[in-house]
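Residues per chain are reported as follows:
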Amino acid sequence: MEKYLRENFSVQPKNPSESALRRWRSAVSVVKNPRRRFRMVANLAQRADAENKRRKLQEKIRVALYVQKAALHFINAGNRGIGDRIGRGGVGQVGDGVGRGDGGSGGYMLSNETQEAGFGIEPDELASIVRSHDNKCLELHEGVEGIARAVRVSLHEGVISVDVEHRQNIYGFNRHAEKAPRSFWMFVWDAMQDLTLIILMACSLVSVGVGILTEGWPKGMYDGVGIILSILLVVFVTSISDYKQSLQFKDLDKEKKNVSIQVTRDGRRQKVSIHDLVVGDIVHLSIGDIVPADGLWISGFGLLIDESSLSGESEAVNIDGRKPFLLSGTTVQDGYAKMLITSVGVRTEWGRLMDTLNEGGDDETPLQVKLNGVATIIGKIGLGFALLTFMVLTSRFLWSKIAQHEITKWSLNDASQLLNFFATAVIIIVVAVPEGLPLAVTLSLAFAMKKLMNDKALVRHLSACETMGSASCICTDKTGTLTTNHMVVDKIWICEQTKVIKSGPGENVLKSSISEHTFDLLLQSIFQDTASEIVKGLDGKNKILGSPTESALLEFGLLLGGDSKFYNNKYKIVKVEPFNSIRKKMSLLVALPGGTDKYRAFCKGASELIVKMCDKVVNADGEVVHLNEQQKISITEVINGFASEALRTLCIAFKDIEGSSKRDCIPEDKYTLIAIVGIKDPVRPGVKEAVKTCLEAGIVVRMVTGDNINTAKAIARECGILTDGIAIEGPDFRNKSPQELEKIIPKIQVMARSLPLDKHSLVSHLRENFNEVVAVTGDGTNDAPALHEADIGLAMGIAGTEVAKENADVIVMDDNFSTIVNVARWGRAVYINIQKFVQFQLTVNVVALVLNFISACVSGSAPLSAVQMLWVNMIMDTLGALALATEPPHDGLMKRPPIGKNAKFITRVMWRNIIGQSIYQIIVLLVLKFRGEQILKLNGPDDTTFLLNTVIFNTFVFCQVFNEINSRDMEKINVFEGMLSSWVFVMVMGVTICFQALIVQYLGAFAQTVPLSPELWLASVMIGAVSLVVAVLLKCIPVPSSTYTATNHDGYEQLPSGPDLA
């Protein structure tokens, strides 16, 4: 079976190939209800159509952008006085083609609604200006300031909150057209598309007619009506389960789309939901952000936009005052800026693109595909048994007719009997085809994803929840994931002296111990060479918005008594090069006051990098002196000293330059070192325990950070990550040969001073060369390739950029490593829960098939009626899935090694349990069938056949009830441990037993049962309970281990894992 499943029902958990998706679809057969079974499967035809539409739209946008570029070249040529003819005539023509024609602003007449609202520009005209990059029309409206006046907004104060609803009524909402959610009755309709249920419904209607004619009213209609009511019960229970799942996925989808945007409103900077953005909002953009709506650039530095999502072009575009147009859906590759929102929702370029696309759905998960394969195999076997049973029953019936010489005599009773035989065969198919197997995966994943969302982990892709259970390695960032991300300046080295910083009020030993000029330089660098901002909160107190490192420096500057407004007013910022993970520094150029051509450059960043850029230093007397080798050695010792105390180290340097030609570039050398700052970022509570849990679970934790190697090693030791492995720096890692990498990669526990490319390279090697299942954390834009490459990409919810989140499979909302371990725990729970459910359902399948077939061959009748079999089907399908597929994880899951990539899904342990329980149940039920009357002493005046069949039915159900309890743990003897903590399981057990009592005692007319005495109830329950004893005996039978071991290359010395390493 495993070989067949691997060949036909195997897909990659991430980005599966279309050929693999088509292969398993073509291999599926014996499907009772395609609408329901494939509801959570990607529609490849729709997806192909959507992709074609997207490409056509991208081509149109790309052509339009090229035309606009050509127009700008003509305009620039005209401005330089080249090509006067083109400047007078051609530009107008090109502009007309790109923009709105000769009408200018007159092309759009203000509607009464817009005029009454007090706005001076129509929504469509506003959208057209940005979409068409219409510089001509923008100039007619007097630029960005004119547009701001037209939409009644101050570029400094932003939108007034009370005005938001008013703007939404005129300019629209920032939402794209979405499919209407499916109602409950649509799920009912889907459930009723089951072919076997439709056949049964038809049979039951015929049965009602025949029954009334032969047995009269109302007795004749009981059998048929009983089947109809059972079908309706199955349909409604199934529909309720599916509908609840859809609501869970809807909530998760809503959470995925809810992005927080930094805006200026009511005169202060604040966060709002992307759905609450309105025309006129002032949005703050930084590296890694996705542009939330169409708009115009107001101010900023070095803004580089990636428009490939719209145009398909990989070349980034510079946005500034000359090219101020920003399109929704594009991403910020570098720099930062403020923008004015001019159109939202479906009026944006991205909105129009989204509006035309019809998504084909998410890719199915490997478990869903594999269980479709299992369902196909069992379905074929069940279909064969059903045909054999029908043939045996019909043959016996015809043989008896021939023996009694009545083959030519046919009555309605004969027709009714043949109809019952057919119904029995259909019922066997209903029970034998485990339609619920693939859907149980969806149920389990939906439950796990909902729980994880409550535990601060947002799962973006279904397969990630599954794959995380197989993770054998986690490559984690340091800052914010292992540490608290609440940073404070702890020490500073300045003027050749180290100072410990205390946060008490009024303490400022620094100012008294260094020169006033040096102190002023330090404050200027802190307040100006930053991408963060100090704003006033609602309570009037200062609030810092920005990265934790920047915030720590600004808090330090405020502690020293500095004022950001003073420096920003005195020194005009000329050029900024923002920090990113490749440059590892931030540079700034300001003009010195006095109107001279004098400038000052500041640079801060990774200590080793900044020190290399410096050739001078501020000495103990506050004078700038040449940096000699002895001083460089002592500075390196200071940096290493700070780092060994687990402090993040930053260096701050400056350089004064002259000449107007220097204002276009920031120098890269000959700086003067001002200070070394040591920033404290404590390890998060619970991280050490979480790392220990990973090691016990056979998951290797590797720290990959851009920090100093000594800082990284100190934190890694504190967390329990760095034990007997090695710590390496990114440059060393990059310079290793493939043979050297093969030897050292398994031993790497810390990688410091790494680039995003190093992380990507490490992940690729671990996956391809060492067959590891790798989870990777990331927060920056440049982490996107590694997040995409990894088996599970984990983006940080607080520190992570939108680009990182878009490329991730899971968003860790609290940036906490313990949350990542919780995702792994739930991933393992999903896999184990599905195995439990499969074990339980296959046992019911085997018993039901064999019991019905042997009974039909020997006695000529099936022991269970159609209604009884439908009830059994519901117990093992929908209710069984609810009970077993939604059990929460327990601590024992993290005491075993991860599930291998090629591990068998139906293990030897499962086969042992399935075969053992099946043999016990089949023997017991067959003994009851053929010797039950004597054993139970059912001699009485009434017909004992119905009584015996009722006992068999009751015993069969209680065997399944106790076997469901057995299935809670496939290896442990104590299956009751933690049962009460799973309220869904307890509820399902309670409902099953109550309904069983109701069916047996009170619904006999419909279910073909008779009320049982207390003694027979006790006998049924006790026979079922013996399943618990059988399970204990089975678990004592040793089973050869079938644990999958990764094939290691020569020289791969596997690290110890599990409790030994912990």
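Just so we're clear, the structure is a prediction, and the values are computed from it rather than from any experiment. (Residues numbered from 1 in each chain as written. Predicted model: local features only at pLDDT ≥ 70, side-chain atom pairs only at ≥ 80, totals over all residues. Heavy atoms only, no water.)

Q: Explain the packing of aromatic side chains here, please?
A: Describing an aromatic ring pair means giving the distance of the ring centres and the angle of the ring planes. Scanning the model with the defined rule gives 15 aromatic pairs in all. Through a chain of ring-to-ring contacts, three or more aromatic side chains come together here, namely F184, W185, F187, F236 and Y243. The side chain of R968 reaches across the aromatic face of F985, ending 5.5 Å from its centre. (Phe/Tyr/Trp six-rings, centres within 6.5 Å; stacked < 30°, edge-to-face > 60°. Lys NZ or Arg CZ within 6 Å of the ring centre and 35° of its normal.)

Q: Explanation requested: the side chain of S607 in the structure shown.
A: Among the secondary structure elements, S607 is positioned in helix 24 (residues 607–613). Take S607: its relative accessible area is 0%, and that puts it in the buried class. A distance of 2.7 Å separates a polar atom in the side chain of S607 from a polar atom in the side chain of T649. Among residues more than four places away in sequence, those in contact with S607 are I639, T649, L650, C651 and R753. (Helix = DSSP H or I, 4+ residues; strand = E, 2+ residues; numbered from the N terminus. Buried < 20%, exposed > 50% of the residue type's maximum accessible area, 1.4 Å probe, protein only. Polar contact = N/O pair within 3.5 Å; in protein donor to acceptor, adjacent residues only side chain to side chain. Contact = heavy atoms within 4.5 Å.)

Q: For this particular structure, what's the right way to read the UniProt feature "transmembrane region" (unreviewed entry) in the protein chain?
A: Mapped onto this numbering, the UniProt entry gives "transmembrane region" (unreviewed entry) at residues 195–214, 220–240, 377–399, 419–448, 842–862, 944–962, 983–1004 and 1016–1034. The span residues 377–399 is 100% helix and 0% strand, and its two end C-alpha atoms sit 33 Å from each other. In this annotation, residues 1016–1034 is assigned 100% helix and 0% strand; the end-to-end C-alpha distance for the span is 27 Å. (UniProt positions renumbered as here; feature names shortened; annotations may be inferred.)

Q: Whenever I open this one, the state of the cysteines confuses me. Can you help?
A: What we call a disulfide is simply a covalent bond connecting the sulfur atoms of a pair of cysteines. Enumeration according to the criterion identifies 0 disulfides in this entry. Lacking any disulfide linkage, C1036 is separated from the closest cysteine sulfur, that of C959, by 20 Å. You can call C1036 exposed: its relative accessible area is 53%. (Disulfide = S-S within 2.5 Å.)

Q: Explain empty space enclosed by the protein to me, please; I cannot follow it from the model alone.
A: Left-over empty space is what a probe sized like a water molecule reveals as it rolls over the atoms. Overall, the coordinates contain 7 cavities of 30 Å³ or more when judged by the stated rule. Quantified by volume, the largest cavity comes out at close to 170 Å³. What lines the largest cavity is a set of 16 residues, among which R36, D194, L197, V234 and T238 lie closest to the centre. Breaking the lining of the largest cavity down by element, the ones donating at least two residues are helix 13 (222–257) and helix 34 (866–884). (1 Å grid on protein atoms, 1.4 Å probe; cavity = no way out; pocket = protein on both sides within 12 Å on 5 of 7 lines; lining within 4 Å. Points joined across faces, edges and corners; volume = space filled by probe spheres on them.)

Q: Is there a simple way to think about the environment of S161 in this case?
A: Within the secondary structure, S161 is located in the loop between helix 9 (143–150) and helix 10 (164–171). Taking the C-alpha atoms as reference points, S161 and A531, separated by 370 residues in sequence, lie 26 Å from one another. Aside from chain neighbours lying at most four places away, what touches S161 is R265 and D266. In this structure the side chain of S161 is engaged in a polar contact, spanning 2.4 Å, whose partner is the side chain of D266.

Q: Could you clarify how one ought to interpret unusual backbone geometry in this entry?
A: The general pattern is negative phi for most residues beyond glycine and trans for most peptide bonds. A positive phi angle is found at D266, which is not glycine, with a value near 55 degrees. Position of D266 among the secondary structure elements: in the loop between strand 1 (260–265) and strand 2 (268–273). Here E496, not a glycine, exhibits a phi torsion of approximately 60 degrees, which is positive. By the element assignment, E496 lies in the loop between strand 10 (488–494) and strand 11 (497–500). Here E496 falls in the partly exposed class, since its relative accessible area comes to 38%.

Q: Just to check I follow, could you spell out the sheet that holds strand 26 (residues 810–812) for this structure?
A: Working definition: the strands of a sheet are paired by backbone hydrogen bonds and lie parallel or antiparallel to each other. Reading across the sheet, the 8 strands line up as 8-26-25-24-9-21-23-22 and stay open at both edges, with mixed pairing between neighbours. Since the sheet does not close on itself, it has two edges, and those belong to strand 8 (457–459) and strand 22 (726–729), each with one partner. Between one strand axis and the next, the sheet turns through 20 degrees on average, direction left out of account. Where strand 25 (residues 792–796) and strand 26 come together, 3 bridges link them in parallel fashion. Across the sheet, M796 pairs through a bridge with V812, a residue of strand 26. (Pairing = 2+ DSSP bridges. Axes fitted to C-alpha atoms, helices over the stretch in contact; angles between N-to-C directions.)

Q: Would you mind showing me how to read the environment of Q333 here?
A: Position of Q333 relative to the elements: it lies in strand 7 (residues 331–343). Taking the relative accessible area as the measure of exposure, Q333 reaches 36% and is therefore partly exposed. Each C-alpha atom of the pair Q333 and T636 lies 33 Å from the other, and the pair is 303 residues apart in sequence. When sequence neighbours within four positions are dropped, the list of residues in contact with Q333 reads I287, L304, D306 and A316.

Q: Help me understand the side chain of N913 in this model?
A: Topologically, N913 is positioned in helix 35 (residues 908–935). The exposure class of N913 is buried, given its relative accessible area of 4%. Within polar-contact distance, the side chain of N913 engages the side chain of Q839 at 3.1 Å. Excluding residues within four positions of it along the chain, N913 makes contact with Q839, M970 and L1034.

Q: Looking at this model, I keep getting lost on the packing of helix 34 against helix 36 (residues 944–966). Mind explaining?
A: Packed helices, taken two at a time, are described by the angle their axes make and the gap between the axes. At a minimum axis distance of 11 Å, the contact between helix 34 and helix 36 shows a crossing angle of 10 degrees. Here helix 36 runs roughly parallel to helix 34, going by the angle between their axes. Two secondary-structure elements touch here, helix 34 through Q868, W871, V872, I875, L879, G880, A883 and L884 and helix 36 through F953, F956, V957 and E964. Per-class residue counts for the contact of helix 34 with helix 36 are 9 nonpolar, 2 polar and 1 charged. (Parallel < 35°, antiparallel > 145°, perpendicular 65-115°, else oblique. Nonpolar A, V, L, I, M, F, W, Y, C, P; charged D, E, K, R; others polar.)

Q: Help me understand the pattern of salt bridges, please; the structure alone is not making it clear to me.
A: Proximity of charged atoms lets side chains of opposite charge pair with each other. Following the criterion strictly, the structure yields 29 salt bridges and no others. Here R347 makes a salt bridge to D124, at a shortest N to O gap of 3.1 Å. Taken as a pair, R347 in the loop between strand 7 and helix 15 (349–356) and D124 in helix 7 (residues 123–131) lie far apart in primary sequence, 223 residues in all. The network of salt bridges with common partners includes R152, D163 and R167. (Salt bridge = Lys/Arg side-chain N within 4 Å of Asp/Glu carboxyl O.)

Q: I keep staring at the confidence of the model for the protein chain and nothing clicks. Help me out?
A: Should pLDDT be low for a region, the predicted coordinates there are not to be read in detail. The pLDDT averaged across the protein chain works out to 82; a share of 90% of its residues lies at or above 70. Note that residues 82–106 has pLDDT below 50 and, in this model, 33 contacts with residues that lie over four places away or in other chains. In this model, residues 1043–1062 is a region of pLDDT below 50 whose contacts with residues beyond four sequence positions or in other chains number 30 contacts. (pLDDT = per-residue confidence, 0-100.)

Q: Please explain the packing of helix 21 (residues 516–528) against helix 22 (residues 548–559) as it appears in this structure.
A: Two elements in contact, helix 21 and helix 22, have axes whose closest approach is 9 Å; the angle formed by their N-to-C orientations is 140 degrees. Here helix 21 is positioned oblique relative to helix 22, judged by the angle of their axes. Of the two elements, helix 21 crosses helix 22, and the hand of that crossing is left-handed. On helix 22, the residues touching L522, L523, I526 and F527 of helix 21 are L553, L554, F556, G557 and L558. Across the contact of helix 21 with helix 22, the residue classes break down as 8 nonpolar, 1 polar and no charged. (Left-handed = near helix turned anticlockwise from the far one by under 90°.)

Q: I'm lost on the nonpolar core in this one. Help?
A: Buried together is how nonpolar side chains tend to be arranged in soluble globular proteins. Membership of the largest hydrophobic core comes to 159 residues, with the highest contact counts inside it found for L200, M468, I792, F817, I834 and V838. Each residue touching I834, except ones within four places of it in the same chain, is listed here: L367, L371, A440, V441, S444, A885 and F905. Listed in part, the 50 residues of the second largest apolar core include A117, F119, L126 and L285. (Core = buried A, V, L, I, M, F, W, Y, C linked by side-chain atoms within 4.5 Å.)

Q: Just checking my understanding: could you explain a nonpolar patch on the surface for this structure?
A: A cluster of nonpolar residues, L233, W983, M987, V991, F995, L998, Y1002 and L1003, forms a patch on the protein surface that exposes about 770 Å² of accessible area. Here the element with the most residues in the nonpolar patch is helix 37 (residues 983–1002); it accounts for 6 residues. Relative to the helices and strands, L1003 is located in the loop between helix 37 and helix 38 (1004–1007). For L1003, a relative accessible area of 33% puts it in the partly exposed group. (Patch = residues over 30% accessible without salt bridge, like charges linked within 9 Å, V, L, I, M, F, W, Y side chains within 5 Å. Areas by Shrake-Rupley, 256 points an atom, 1.4 Å probe, with all protein chains shown as cover.)

Q: Before we go on, may I ask you to explain the pairing of strand 2 in this structure?
A: Residues in a regular strand point their side chains to alternate faces of the sheet. Direction of pairing for strand 1 relative to strand 2: antiparallel, over a ladder of 6 bridges. Bridged to T264 within strand 2 is R269. Between strand 1 and the antiparallel strand that follows it, strand 2, lie 2 residues; D266 among them carries a positive phi value of about 55 degrees.

Q: Explain the pairing of strand 21 (residues 700–704) here, please?
A: With 5 of 5 residues buried, strand 21 lies mostly within the body of the structure. Alternating residues of strand 21 divide into V700, R702 and V704 and V701 and M703, and every residue in both groups is buried. Judged from the 4 bridges that link them, strand 9 (residues 473–476) and strand 21 form a sheet pairing that is parallel. Residue pairing in the sheet places C473 in a bridge with V700 of strand 21. Where strand 21 and strand 23 (residues 748–752) come together, 2 bridges link them in parallel fashion.

Q: How should I be thinking about helix 9 in this particular structure?
A: For an α-helix, 3.6 residues make a turn, and residues three or four places apart therefore share a direction. When you tally the buried positions in helix 9, you get 6 out of 8 residues, the bulk of the element. Considered for burial, the residues of helix 9 that qualify are G143, V144, G146, I147, A148 and A150. For helix 9, the elements touching its buried residues are helix 7, helix 8 (135–140), strand 4 (294–306) and strand 7. R152 occupies a position one or two residues after helix 9 and carries a positive phi of about 55 degrees.

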